[in-house]
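The primary structure of each chain is shown beneath.
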Amino acid sequence: MEPAPHILVVDDDREIRDLLSRFLEKQGMRVTAARDAREARKLWPLGRYHLVVLDLMMPGEPGLDFARWLRSQSEVPIVILTAMGEETDRIVGLELGADDYVAKPFNPRELLARIRAVLRRANGEGPSKEPPAKVIRFAGWTLEPARRRLLNPDGAEVSLTGGEYELLQVLVERPNRVLTRDMLMDILRGRQAGPFDRAIDVAVSRLRRKLEDDGRNPTLIKTVRGGGYVLAATVERG
Amino acid sequence: MAEARRRTWLPATLGGRTAFWLVVALMAVQAAGLTIHALDRVDLQRWIHAREIAGRAFSAWRAAVLSPPDRREQMLADLDLPDAIQAEISRTPLVRQGGPPPPPEMIRLFRLDALSSGPPRLRPREVRLGPNRPGGGFQASLRLPDGEWLNLRVQMPPPRPWHSATFLAAFLVMTGAAILLILWAVRRLMRPVRLLAAAADRLGRDVNAPPLDEAGPSEVATAARAFNQMAERIRRFVADRTQMLAAIGHDLRTPITRLRLRAEFMDDDEQRRKMLADLDEMEQMISATMAFARDDAAAEPASPIDIAALCRTVVDEAADARPELAEKITYEGPERLTARARPVALKRALANLVSNALTYGGAARLRLSTGEGGMVRLEIEDDGPGIAEAEIERVFQPFQRLEESRNRETGGTGLGLTIARNILRAHGGDVVLRNRPGGGLTAVASLPG
């Protein structure tokens, strides 16, 4: 059993800070809380943190500036809390190198799921040691993680459901590697709180349709005998 | 009744009325002018007639004086006098001694007082004058040197004020030209009023419509400036309200987040589930209100998007959210259809329409096609009871919910359709609702391709 992950929570609302700390502690994590960016800077050298939960909307130093500073210090994973509808903050945050985001008012379980997923990736399961990619290209398609959008070969945006997006992201992060249903379930579970409980197969077939991949004779997301999928494409990150 | 009383025979438009009154005034002026002209003409005519008659009468007298007595009748006949003069030679005078004199006007007009002057050879031995009745004019009896009398009956011909071939044509051309000029001028004059009306109409649809041009005559410029100031005040008012709404939504995020966290510490699973569901609903209402208040659609840039994929996403997410209705949530249309749009806004619009269909109609069959003129056409059918025709536009008003929907605890903010319509209109399209003859409601959305 790994030691309990240590989380630094930076949020200006005392109640939320306390409640979130208690909630995460109940889930078996160690939590240190900071009121604002200044306090967080002071706390930073005092502990070894596995992940930072950062509210972007804080009085004093803006959250984005702190995130930039944090990135200059360390590769620590960051999950940002953004205001509902503040698209630009979210995009800038993710482009700065935040690993994931949750919109306020957030659902605690979704936040927990994101934290776990990010921690799992940070523990060497994914390629997140590399700097975050601005664009990922495969078979003519373009994925923009910061904007969470997919462009088809003609440059038109192809809308994806949350589940489809998560699945595609997992597949393009591990191209040409067979991922069993169980592995996919494990990686994806909770990343999208509710709807993704539906069978992986449904999500795959929907995704194939969006990617214009013939379901009976798929060339992009291939079915592997024995229950698994593989993205058969060269992936370019940039 | 009031309607009937207020009906008038005047033209309906301000321009029409102005033109009407101008034409009436013009007619009056024309009529007065013509009358003056006619009276003048009558005077002149009389004067000319009188001169001519006087001259001819004098010729008759000369002929009578200068010819021998037995040839006088013949000479008079040879003169070929006009109808207005009757001359005869008689032993007795026509005008009796001591009778009334002719009207002084006649004396002046015919210069009758000049009869007794002139060279003595031609001067009458005696002049008797009298009025000519009936018919106006005068009678004169002039005694010749041998004692016979020349009796003259002179009549004034009736005045003919309108007797001119070109008069009617000239009058018609003048009047016609004046009417055309009036119509043209009135149209020009009314242009600012029409522009103002159009601007007011635009402002009603879009608070951020461009301001009116403040050029032109000073009254027009003043009106335009006043209108623009009013528009500006309305804009500020709307902006203040919007900001207030956004601020409320913004501030509610913190308590909702706290409540969600608190709910995680509740022991009663059932209560916790319900509380979280309530909080979800609150969040949805706030996000809908904020989307409405901030008009996100206008801020998002448009880019090429695959509408077919967007429709599938909306349908799939709706089916995931309501698994019990999944079979009634379908998509029918092309595999791919690219158009320029604002993806987040358009998705919200479609999601609202689908959610509405599911909530009130228990089904959502989304159909995508391209219509005439390259328009993208989206139809969302449900199996609900439909909406009374009279209410069908009202449901697009913000915060308007039909009575049945309030009673049925269907939830919702009453903003879904408003937002959908705002978004589609911001795209240059629209959305309308139609009852289907066989039952059920169809939302028909259009989008420029």
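Residues numbered from 1 in each chain as written. Chains lettered and ligands numbered in written order. Predicted model: local features only at pLDDT ≥ 70, side-chain atom pairs only at ≥ 80, totals over all residues. Heavy atoms only, no water.

### Section: the packing of aromatic side chains
Thinking step 1. Here the structure, examined in full by the defined rule, presents 3 aromatic pairs over all chains.
Thinking step 2. Judged by centre distance (5.7 Å) and plane angle (20 degrees), the rings of A:Trp44 and A:Tyr49 are stacked.
Thinking step 3. Its relative accessible area of 9% is what places A:Tyr49 among the buried residues.
Thinking step 4. An angle of 75 degrees between the planes, with centres 5.1 Å apart, marks the rings of B:Phe20 and B:Trp21 as edge-to-face.
Thinking step 5. Directly above the ring of A:Trp69 sits A:Arg41, whose terminal nitrogen or CZ lies 4.7 Å from the centroid.
Thinking step 6. A cation over a ring is seen here: B:Arg421 above B:Phe396, with NZ or CZ 3.6 Å from the ring centre. (Phe/Tyr/Trp six-rings, centres within 6.5 Å; stacked < 30°, edge-to-face > 60°. Buried < 20%, exposed > 50% of the residue type's maximum accessible area, 1.4 Å probe, protein only. Lys NZ or Arg CZ within 6 Å of the ring centre and 35° of its normal.)

### A few points about the packing of helix 6 (residues 162-173) of chain A against helix 8 (residues 200-210) of chain A
All names here are of chain A.
Thinking step 1. At a minimum axis distance of 10 Å, the contact between helix 6 and helix 8 shows a crossing angle of 85 degrees. In terms of orientation, helix 6 and helix 8 fall into the roughly perpendicular class. Note on element contacts: helix 8 touches helix 6 through Ala 203, Val 204, Arg 206, Leu 207 and Lys 210, opposite Glu 164, Leu 167, Leu 168 and Leu 171.
Thinking step 2. Its residues assigned to classes, the contact of helix 6 with helix 8 comprises 6 nonpolar, no polar and 3 charged. (Axes fitted to C-alpha atoms, helices over the stretch in contact; angles between N-to-C directions. Helix = DSSP H or I, 4+ residues; strand = E, 2+ residues; numbered from the N terminus. Parallel < 35°, antiparallel > 145°, perpendicular 65-115°, else oblique. Contact = heavy atoms within 4.5 Å. Nonpolar A, V, L, I, M, F, W, Y, C, P; charged D, E, K, R; others polar.)

### Quick look at a positive patch on the surface
Thinking step 1. Together, B:Arg187, B:Arg188, B:Arg191 and B:Arg194 line one region of the surface with positive charge.
Thinking step 2. Tracing the backbone through its elements, the reader meets B:Arg194 in helix 5 (residues 165-205). (Patch = residues over 30% accessible without salt bridge, like charges linked within 9 Å, V, L, I, M, F, W, Y side chains within 5 Å. Areas by Shrake-Rupley, 256 points an atom, 1.4 Å probe, with all protein chains shown as cover. Salt bridge = Lys/Arg side-chain N within 4 Å of Asp/Glu carboxyl O. Lys, Arg positive; Asp, Glu negative; His and termini not counted. Charge placed at Lys NZ, Arg CZ, Asp CG, Glu CD.)

### Some thoughts on the sheet that holds strand 7 (residues 338-341) of chain B
Strand pairing in a sheet takes place through backbone hydrogen bonds and is either antiparallel or parallel in direction.
Thinking step 1. Here 7 strands make up an open sheet; going across it, the order is 13(A)-6(A)-7(A)-8(A)-9(A)-5(B)-7(B) and the pairing mixed. Bordering the open sheet on either side are strand 13 (235-237) of chain A together with strand 7 of chain B, each of which pairs with just one other strand.
Thinking step 2. Bridging between strand 6 (residues 136-138) of chain A and strand 7 (residues 141-144) of chain A involves 3 bridges; their strand directions are antiparallel. From the neighbouring strand, A:Arg137 faces strand 7 of chain A, where its bridge partner is A:Thr142.
Thinking step 3. Each of strand 6, strand 7, strand 8 (149-151) and strand 13 of chain A touches helix 6 of chain A; the most contacted strand, strand 7 of chain A, lies at about 110 degrees to it.
Thinking step 4. Sheet strands touched by helix 10 (residues 343-361) of chain B: strand 9 (157-158) of chain A together with strand 5 (303-306) and strand 7 of chain B. Its angle to strand 5 of chain B, the strand with the most contacts, is close to 40 degrees. (Pairing = 2+ DSSP bridges.)

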